[in-house]
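# Summary of the model geometry
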Amino acid sequence: MIKIYGMKSCPDCVAVDKQAEGNPQYEVIDIGEHVRYLKEFLRLRDTNAVFDEARREGYAGIPCFVLEDGTVTLNPKEAGLSSTEVAESCRIDGNGC
């Protein structure tokens, strides 16, 4: 099963979630739903080099995908989904999520 970490308030996450909806291959985890999910995501974000640019540029790094083999990626295509348009509302600088 592929885990998808995101939030309902993130337009890119919503687009990805719609693609995964009803597909048992995916588990969608809303990190804003419970602190335990946020902690799970932060543990990934704080320890994985995939998030280096996200940390450096000051964005969250969602949606995030954990593939069945444990690989962490920010690329929806690597998780078998279509890429999303970057929403201009999420980043602090107004330049996407």
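Structural data are supplied above this passage.
Heads up: these notes are all about the structure in this document. (Residues numbered from 1 in each chain as written. Predicted model: local features only at pLDDT ≥ 70, side-chain atom pairs only at ≥ 80, totals over all residues. Heavy atoms only, no water.)

### Details of the pattern of salt bridges
- Taken as a whole and judged by the stated rule, the model has four salt bridges.
- One salt bridge in this structure joins Lys8 and Asp30, with 3.4 Å as the shortest N-O distance. With a gap of 22 residues between them, Lys8 in the loop between β1 (2–6) and α1 (11–20) and Asp30 in strand β2 (residues 26–30) connect regions that are remote in the sequence.
- Salt bridges linked by common partners bring Lys8, Asp30 and Glu33 together as one network. (Salt bridge = Lys/Arg side-chain N within 4 Å of Asp/Glu carboxyl O. Helix = DSSP H or I, 4+ residues; strand = E, 2+ residues; numbered from the N terminus.)

### Section: the nonpolar core
- With 13 residues, the main nonpolar core has Tyr5, Phe41, Leu44, Phe51, Ile62, Cys64 and Val72 as its most contacted residues.
- Those elements that place two or more of their residues in this core are α2 (35–47) and β3 (64–66).
- The element that contributes the greatest number of residues to this core is α2, accounting for three residues.
- Excluding residues within four positions of it along the chain, Phe41 makes contact with Tyr5, Ile31, Phe51, Ala60, Gly61, Ile62 and Cys64.
- Core analysis: the second largest hydrophobic core is formed by nine residues, Ala20, Leu67, Ala79 and Leu81 among them. (Core = buried A, V, L, I, M, F, W, Y, C linked by side-chain atoms within 4.5 Å. Buried < 20%, exposed > 50% of the residue type's maximum accessible area, 1.4 Å probe, protein only. Contact = heavy atoms within 4.5 Å.)

### Brief notes about the pairing of β1
- The element β1 is largely enclosed, with a buried count of four among its five residues.
- Note that β1 and β2 share five bridges and pair parallel. Counted as the bridge partner of Ile4 is Val28 from β2.
- On the question of chirality, the crossover connecting β1 to the parallel β2 by way of α1 is right-handed.
- Looking at chain direction, β1 and β3 are connected through three bridges and run antiparallel. In the strand pairing of β3, Tyr5 is matched with Cys64. (Pairing = 2+ DSSP bridges. Right-handed = clockwise from strand over helix to strand, strands pointing away.)

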